[in-house]
Amino acid sequence: FSKVFVPGLRGGYVSGPREVIRDIRVYKQGANLHTSSFDQSVLAAAMRNLGPTGMFELIEKNVGFYAANCQTLMDALESELAGQVSYNRPDGGFFLWLELKESEGPIDTFEMIGTLAEQVGVLLIPGTGFSLTGSLRNCLRVSYSMQSPENLEEGVHRLARMLVEYRKLREHQASGVERRTDA
């Protein structure tokens, strides 16, 4: 249900032949022992209160909310960072995967976020967190799930500012000149 009901709610259900369900239960018990009792209680109460029709209506409402937020994020990226970032339009979900173009020099999102994110006031996940080999250094995962359209637009504005600051910082590092980032 984390992808259709509430982000982060780690619960679900499965139906099928008894022997398949038994094997799934054994696998689940070995994989992570137990789904959070709190998550199970929240989900059970929601399903009980909403009923099947209400649950499907809520899911449809959430899908519309996420789709609108995704479009807002992509529009803001086109407005603020056209030609500097690429991404694929997702069919659903909560995140947009960005690849920052390195035409003006290499970009290390782990370094950029570690150096400038607090100052700029934006929370992003560097691509290296999704790679076993340390690749994806110029990539970011951006969430659009629980933000207002205004916050998404502001976040992209801050990302654009952070990218400008990062490029300046890299330029000064390459020239051997030390530069403060809190100015």
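Calculation rules
Residues numbered from 1 in each chain as written. Predicted model: local features only at pLDDT ≥ 70, side-chain atom pairs only at ≥ 80, totals over all residues. Heavy atoms only, no water. Helix = DSSP H or I, 4+ residues; strand = E, 2+ residues; numbered from the N terminus. Rg over C-alpha atoms; globule rule 2.2 N^0.38 Å. Buried < 20%, exposed > 50% of the residue type's maximum accessible area, 1.4 Å probe, protein only. Contact = heavy atoms within 4.5 Å. Areas by Shrake-Rupley, 256 points an atom, 1.4 Å probe, with all protein chains shown as cover. Lys, Arg positive; Asp, Glu negative; His and termini not counted. Charge placed at Lys NZ, Arg CZ, Asp CG, Glu CD. Salt bridge = Lys/Arg side-chain N within 4 Å of Asp/Glu carboxyl O. Patch = residues over 30% accessible without salt bridge, like charges linked within 9 Å, V, L, I, M, F, W, Y side chains within 5 Å. Expected span 1.5 Å × (residues − 1). Pairing = 2+ DSSP bridges. Axes fitted to C-alpha atoms, helices over the stretch in contact; angles between N-to-C directions. Parallel < 35°, antiparallel > 145°, perpendicular 65-115°, else oblique. Left-handed = near helix turned anticlockwise from the far one by under 90°.

1. Regarding the overall build of the chain
Moving on, step 1. Secondary structure summary: the chain contains four helices and four strands in total.
Moving on, step 2. Whereas a compact globule of 183 residues would reach a radius of gyration of roughly 16 Å, the chain reaches 21 Å, over 25% beyond that.
Moving on, step 3. C-alpha atoms of the chain, sized along the principal axes, occupy 65 × 35 × 25 Å.
Moving on, step 4. The 183 residues of the chain split such that 32% are buried.
Moving on, step 5. Within the chain, contacts between residues separated by at least 24 positions form 62% of all contacts whose residues are at least 6 apart in sequence.
Moving on, step 6. In the form shown here, the chain has an accessible surface area of approximately 11800 Å², with 55% of it arising from carbon and sulfur atoms.
Moving on, step 7. A distance of 7 Å separates the average location of the 19 positive side-chain charges in the chain from that of its 22 negative side-chain charges.

2. Here we look at the pattern of salt bridges
Moving on, step 1. What the rule picks out here adds up to six salt bridges.
Moving on, step 2. The salt bridge involving Arg158 is made with Glu154; its shortest N-O contact spans 3.0 Å. Of this pair, Arg158 and Glu154 both sit in helix α4 (residues 149-175), four residues apart, which is roughly one turn of the helix.
Moving on, step 3. The class for Glu154 is partly exposed, based on a relative accessible area of 32%.
Moving on, step 4. The salt bridge partner of Lys168 is Glu165, with a shortest N-O separation of 3.8 Å.

3. Some thoughts on the side chain of Asn62
Moving on, step 1. The topology assignment puts Asn62 in helix α2 (residues 37-81).
Moving on, step 2. The exposure class assigned to Asn62 is buried, which follows from its relative accessible area of 14%.

4. What to know about a negative patch on the surface
Moving on, step 1. Taken together, the side chains of Asp75, Glu78, Glu150 and Glu153 define an acidic patch exposed on the protein surface.
Moving on, step 2. Those elements that place two or more of their residues in the negative patch are α2 and α4.
Moving on, step 3. Following the sequence through the fold, Glu78 ends up in helix α2.
Moving on, step 4. Among the residues examined, Glu78 registers a relative accessible area of 45% and is labelled partly exposed.

5. As for α4
Moving on, step 1. Between its first and last C-alpha atoms α4 spans 39 Å; for 27 residues at 1.5 Å apiece the expected length is 39 Å, and the two agree.
Moving on, step 2. Every buried residue of α4 is accounted for by Leu152, Val156, Leu159, Ala160, Met162, Leu163, Glu165, Tyr166, Arg167 and Leu169.
Moving on, step 3. Of the surrounding elements, those touching the buried residues of α4 are α2, β2 (95-100), α3 (109-120) and β4 (139-143).
Moving on, step 4. Positive backbone phi, at 85°, marks Gly176, one or two positions downstream of α4.

6. Comments concerning the sheet that holds β2
Moving on, step 1. One open sheet holds the four strands; their spatial order is β1-β2-β4-β3, and the pairing between them is antiparallel. A single partner strand is all that each edge strand has here, and the edge strands are β1 (85-86) and β3 (125-126).
Moving on, step 2. Examined bridge by bridge, β2 and β4 share five bridges and lie antiparallel to one another. Bridge pairing links Leu98 to Leu140 in β4.
Moving on, step 3. Contacts from α2 reach β1, β2 and β4 within the one sheet, and its direction differs from that of β2 by about 20°.

7. Quick word on the environment of Pro7
Moving on, step 1. Mapped onto the secondary structure, Pro7 falls in the segment before α1 (18-32).
Moving on, step 2. On the basis of relative accessibility, which here comes to 28%, the residue Pro7 falls in the partly exposed class.
Moving on, step 3. Taking the C-alpha atoms as reference points, Pro7 and Leu163, 156 residues apart in sequence, are found 28 Å from one another.
Moving on, step 4. Residues within four places of Pro7 in sequence aside, it is in contact with Ser2, Tyr66, Phe94, Ser145 and Met146.

8. As for the packing of α3 against α4
Moving on, step 1. Contact geometry for α3 and α4: axes closest at 10 Å, N-to-C directions at 125°. Taken together, the axis directions place α3 and α4 in an arrangement best described as oblique. Where α3 crosses over α4, the two elements pack in a sense that is right-handed. Across the interface between the two elements, Glu111, Met112, Ile113, Thr115, Leu116, Ala117, Gln119 and Val120 of α3 pack against Arg158, Leu159, Arg161, Met162, Leu163, Glu165, Tyr166, Leu169, Arg170 and Gln173 of α4.

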